[in-house]
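Listed below are the residues making up each chain.
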Amino acid sequence: QVQLVESGGGLVQAGGSLRLSCAASGSTFSIIANGWYRQAPGKQRELVAALTSGGITNYADSVKGRFTISRDNAKNTLYLQMNSLKPEDTAVYYCNANKVIPPLGTMYDYWGQGTQVTVSS
(Lines give C-alpha, C1' and ligand atoms only; values in the text may rest on other atoms or scores of the structure.)
Protein backbone atom coordinates (compact mmCIF):
# COMPACT_ATOMS: atom_id res chain seq x y z
CA GLN A 1 0.00 0.00 0.00
CA VAL A 2 0.92 3.64 -0.46
CA GLN A 3 -0.06 6.49 1.82
CA LEU A 4 0.03 10.07 0.59
CA VAL A 5 -0.08 13.21 2.70
CA GLU A 6 -0.35 16.65 1.10
CA SER A 7 0.88 19.85 2.66
CA GLY A 8 1.74 23.39 1.69
CA GLY A 9 -1.69 24.73 0.91
CA GLY A 10 -2.89 28.01 2.26
CA LEU A 11 -4.05 31.50 1.45
CA VAL A 12 -2.15 33.57 -1.07
CA GLN A 13 -2.79 36.72 -3.04
CA ALA A 14 -3.27 36.64 -6.78
CA GLY A 15 0.08 36.62 -8.49
CA GLY A 16 1.75 34.87 -5.59
CA SER A 17 3.28 31.43 -5.33
CA LEU A 18 2.85 28.27 -3.32
CA ARG A 19 4.60 24.92 -3.32
CA LEU A 20 2.58 21.87 -2.49
CA SER A 21 4.25 18.74 -1.18
CA CYS A 22 3.04 15.18 -1.14
CA ALA A 23 4.91 12.81 1.14
CA ALA A 24 4.58 9.16 0.21
CA SER A 25 5.10 6.17 2.44
CA GLY A 26 4.75 2.46 1.98
CA SER A 27 5.68 0.49 -1.10
CA THR A 28 6.56 3.41 -3.31
CA PHE A 29 9.05 1.55 -5.51
CA SER A 30 6.37 0.38 -7.90
CA ILE A 31 4.76 3.78 -8.53
CA ILE A 32 4.71 4.44 -12.26
CA ALA A 33 3.05 7.84 -12.31
CA ASN A 34 2.09 10.70 -10.03
CA GLY A 35 -0.32 13.54 -10.43
CA TRP A 36 -1.91 16.53 -8.85
CA TYR A 37 -5.65 16.97 -9.12
CA ARG A 38 -7.88 19.72 -7.85
CA GLN A 39 -11.53 20.14 -7.10
CA ALA A 40 -13.30 23.45 -6.63
CA PRO A 41 -16.75 23.72 -5.05
CA GLY A 42 -19.40 22.68 -7.51
CA LYS A 43 -16.81 21.46 -9.99
CA GLN A 44 -15.53 18.07 -11.05
CA ARG A 45 -12.12 16.93 -9.96
CA GLU A 46 -9.63 17.70 -12.71
CA LEU A 47 -6.08 16.77 -13.51
CA VAL A 48 -3.69 19.64 -12.93
CA ALA A 49 -0.36 18.00 -13.63
CA ALA A 50 0.99 14.51 -14.13
CA LEU A 51 4.47 13.02 -14.01
CA THR A 52 5.38 9.52 -15.14
CA SER A 53 8.21 7.46 -13.75
CA GLY A 54 10.02 8.18 -17.00
CA GLY A 55 9.89 11.92 -16.41
CA ILE A 56 7.14 12.78 -18.87
CA THR A 57 4.93 15.63 -17.73
CA ASN A 58 1.46 16.71 -18.66
CA TYR A 59 -0.35 19.86 -17.57
CA ALA A 60 -3.83 21.20 -17.80
CA ASP A 61 -4.04 24.04 -20.29
CA SER A 62 -5.13 26.40 -17.55
CA VAL A 63 -1.87 25.98 -15.61
CA LYS A 64 0.71 25.56 -18.35
CA GLY A 65 3.60 27.91 -17.88
CA ARG A 66 2.63 28.60 -14.28
CA PHE A 67 2.75 25.24 -12.48
CA THR A 68 5.57 22.71 -12.35
CA ILE A 69 5.31 19.15 -11.12
CA SER A 70 8.45 17.45 -9.82
CA ARG A 71 9.53 14.53 -7.69
CA ASP A 72 12.33 13.86 -5.24
CA ASN A 73 12.72 10.10 -5.20
CA ALA A 74 15.18 10.15 -2.31
CA LYS A 75 12.60 11.88 -0.14
CA ASN A 76 9.61 10.03 -1.59
CA THR A 77 8.00 13.40 -2.14
CA LEU A 78 6.04 14.89 -5.00
CA TYR A 79 5.87 18.65 -5.47
CA LEU A 80 3.71 21.13 -7.28
CA GLN A 81 5.24 24.56 -7.66
CA MET A 82 2.49 27.05 -8.37
CA ASN A 83 3.41 30.51 -9.62
CA SER A 84 1.35 33.44 -10.83
CA LEU A 85 -1.63 32.12 -8.96
CA LYS A 86 -5.09 33.22 -9.95
CA PRO A 87 -8.36 33.18 -8.02
CA GLU A 88 -9.51 30.48 -10.43
CA ASP A 89 -6.84 28.21 -8.96
CA THR A 90 -8.72 28.09 -5.67
CA ALA A 91 -9.52 24.46 -4.93
CA VAL A 92 -8.65 21.46 -2.83
CA TYR A 93 -5.56 19.89 -4.33
CA TYR A 94 -5.06 16.14 -4.19
CA CYS A 95 -1.95 14.07 -4.68
CA ASN A 96 -2.23 10.88 -6.70
CA ALA A 97 -0.01 7.88 -7.23
CA ASN A 98 -0.50 5.11 -9.73
CA LYS A 99 1.06 1.83 -8.73
CA VAL A 100 1.53 -1.57 -10.28
CA ILE A 101 0.47 -4.28 -7.84
CA PRO A 102 2.27 -7.61 -8.03
CA PRO A 103 2.03 -10.39 -8.99
CA LEU A 104 -0.65 -9.72 -11.60
CA GLY A 105 0.53 -6.28 -12.63
CA THR A 106 -2.73 -4.66 -11.59
CA MET A 107 -2.74 -0.86 -11.59
CA TYR A 108 -4.13 0.95 -8.58
CA ASP A 109 -4.61 4.61 -7.71
CA TYR A 110 -3.81 6.06 -4.31
CA TRP A 111 -4.99 9.46 -3.11
CA GLY A 112 -4.04 11.91 -0.43
CA GLN A 113 -6.55 13.68 1.77
CA GLY A 114 -6.20 17.00 -0.03
CA THR A 115 -4.90 20.43 0.87
CA GLN A 116 -6.80 23.67 0.45
CA VAL A 117 -5.40 26.39 -1.79
CA THR A 118 -7.16 29.74 -1.70
CA VAL A 119 -6.13 32.61 -3.96
CA SER A 120 -7.55 36.00 -3.12
CA SER A 121 -8.28 38.70 -5.67
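First, a word on scope: everything that follows refers to the structure included in this document. Remember, it's a predicted structure, so these values are computed and weren't measured experimentally. (Residues numbered from 1 in each chain as written. Predicted model: local features only at pLDDT ≥ 70, side-chain atom pairs only at ≥ 80, totals over all residues. Heavy atoms only, no water.)

**Here we look at the overall build of the protein**
Looking only at helices and strands, the protein has zero helices and eleven strands in total. Reading the protein from its N terminus to its C terminus gives the helix and strand order β-β-β-β-β-β-β-β-β-β-β. Rg of the C-alpha trace for the protein: 14 Å, near the compact-globule value of 14 Å for 121 residues, within the 12% margin. C-alpha atoms of the protein, sized along the principal axes, occupy 50 × 25 × 25 Å. The buried share of the protein, taken over its 121 residues, is 39%. Taking the intrachain contacts of the protein between residues at least 6 apart in sequence as the baseline, contacts between residues at least 24 apart amount to 55%. Taking the average location of the 10 positive side-chain charges in the protein and that of its 7 negative ones, the two points are 3 Å from each other. (Helix = DSSP H or I, 4+ residues; strand = E, 2+ residues; numbered from the N terminus. Rg over C-alpha atoms; globule rule 2.2 N^0.38 Å. Buried < 20%, exposed > 50% of the residue type's maximum accessible area, 1.4 Å probe, protein only. Contact = heavy atoms within 4.5 Å. Lys, Arg positive; Asp, Glu negative; His and termini not counted. Charge placed at Lys NZ, Arg CZ, Asp CG, Glu CD.)

**Quick notes on the state of the cysteines**
Counted under the stated rule, the structure contains one disulfide. A sulfur-sulfur distance of 2.0 Å marks the disulfide that ties Cys22 to Cys95. The S-S bond linking Cys22 to Cys95 shows a torsion near -80°; that makes this disulfide left-handed. Taken together, the positions of Cys22 in strand β3 (residues 18–26) and Cys95 in strand β9 (residues 91–101) put the pair 73 residues apart, joining distant regions of the chain. With relative accessibility at 0%, the residue Cys95 sits in the buried group. (Disulfide = S-S within 2.5 Å.)

**Some thoughts on the environment of Ala14**
Note on placement: Ala14 falls in the loop between β2 (10–13) and β3. Accessibility expressed as a relative area gives 41% for Ala14, which makes it partly exposed. The spacing of Ala14 and Gln116 is 102 residues in sequence and 15 Å in space, taken between C-alpha atoms. When sequence neighbours within four positions are dropped, the list of residues in contact with Ala14 reads Leu85, Pro87, Val119 and Ser120.

**Quick look at unusual backbone geometry**
Here the residue pair Pro102 and Pro103 is connected by a cis peptide bond, since its omega of 0° sits within 30 degrees of zero. Examined against the element boundaries, Pro103 turns out to sit in the loop between β9 and β10 (106–111). You will see that Ser84, though not glycine, has its phi angle at about 50°, which is positive. With respect to the element layout, Ser84 can be found in the loop between β8 (77–82) and β9.

**With respect to the pattern of salt bridges**
The full count for this structure, using the stated rule, is four salt bridges. Note that Asp61 is salt-bridged to Lys64, the shortest N-O span being 3.1 Å. Judged by relative accessible area, Lys64 falls into the partly exposed class, the value being 48%. One continuous salt-bridge network, built from bridges that share partners, spans Arg38, Glu46, Arg66 and Asp89. (Salt bridge = Lys/Arg side-chain N within 4 Å of Asp/Glu carboxyl O.)

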